[in-house]
Amino acid sequence: QMSERAVAQKIDQQPDVQRLLQIVRERVLCDAFARHQEAQARPTGPVLEKLALQNYQAHPQRFQQPERVHARHILIPGSATDARAQAEALRQLLLQQRASFEEMARQHSKDPGTAHKGGDLGFITRGKMVAPFEEAAFALEKPGQLSPVVETRFGFHVIELVEKRPAGLQPFDEVKAQLVQEAAGGIAMATRQEVVRPFLDAAKPHPEAIEAFSASQRQCCL
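Presented here is an overview of the structure given in this document. Positions within a chain are numbered from 1, following the residues in the order the chain's sequence is written. Totals for whole chains, interfaces and linings use all residues, but because this is a predicted model, local features are given only for residues with pLDDT of at least 70 and pairs of side-chain atoms are given and counted only at 80 or more. Based on all heavy atoms of the structure, the side-chain values leave hydrogens and waters out of the count.

Next up on the list: the sheet that holds strand E4 (residues 150-152). By this definition, two strands are paired if DSSP reports at least two bridges between them. Where helices and strands are cited, they refer to DSSP runs of H or I of at least four residues and of E of at least two residues respectively, numbered from the N terminus. Spatially, the four strands line up as an open sheet ordered E3-E2-E5-E4, and their pairing is antiparallel. This sheet does not close on itself; its edge strands, each paired only once, are strand E3 (120-125) and E4. Taking each pair of neighbouring strands and ignoring which way they run, the sheet shows an average axis angle of 45°. When E4 meets strand E5 (residues 155-165), the two strands line up antiparallel, connected through three bridges. Pairing of Thr152 across the sheet is with Gly155, part of E5. Each of strand E2 (68-77) and E5 touches helix H5 (residues 101-108); the most contacted strand, E2, lies at about 35° to it. In this analysis, axes come from line fits to C-alpha atoms, helices being fitted only over the stretch in contact, and the angle between any two N-to-C directions falls in the range 0 to 180 degrees. Only heavy atoms enter the contact rule, under which two residues are in contact if any of them lie within 4.5 Å.

Core analysis: the biggest nonpolar cluster contains 13 residues, and Ile74, Ile76, Ala87, Leu94, Phe101 and Val158 have the highest contact counts within it. Secondary-structure elements contributing two or more residues to this core are E2, helix H4 (83-95), H5 and E5. Broken down by element, this core gets its largest block of residues, four residues, from H4. Leave out the neighbours within four places in its chain, and Ala87 touches Ile76, Val149, Phe156 and Val158. Nonpolar core, defined: a set of buried Ala, Val, Leu, Ile, Met, Phe, Trp, Tyr and Cys residues in which side-chain atoms within 4.5 Å join the residues together. Burial classification: accessible surface area is computed with a 1.4 Å probe over protein chains only, and a residue below 20% of its type maximum counts as buried, one above 50% as exposed, and the rest as partly exposed. Within the second largest apolar cluster, 12 residues are counted, among which are Val130, Ala136, Ala137 and Leu140.

Here it is as structure tokens:
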């Protein structure tokens, strides 16, 4: 390796190179020390959860959610033969409980983004879907309820309601993991700043080393 050849030629013994190596060594050790201090200061799970809850309670506006519905759907493209009739037939089978919605979606839905997930669209809010689909989805009231067959520019849909949530504050359990991570990151950053600040305040520049480094860089670029 090039570094081994440099050592063999005793380039590492040159004063300017030694000083640069010292700077690099100090930086590596400082980073290692800061990481060690972060690990030592890292609070336990219950402490982080308490901090997360305090953040949640202090900033409720951050966690406000509009009305949402969790829905699944089956899509039969409008270009398919007797597309509406196919969708109506699937809806009747579902009403007769001859198969689960997820199973039927996997077998018959032509939506490439959701068919493999049993037609699951996750939670959707108003303004995210085409109007006929949105109107039908938000008109559903009870989990498991099916919409009539809905026609959109994509084809014919059968929609199942999984869950409906009114507008309001997002439950803490849904954002807990995110807030715990934020709390841990904030503590780690504060710890690192506290550790590093005294050294930065006491640090003195080394003009000779900086100039030597700059000269070496200029030579490399020539």
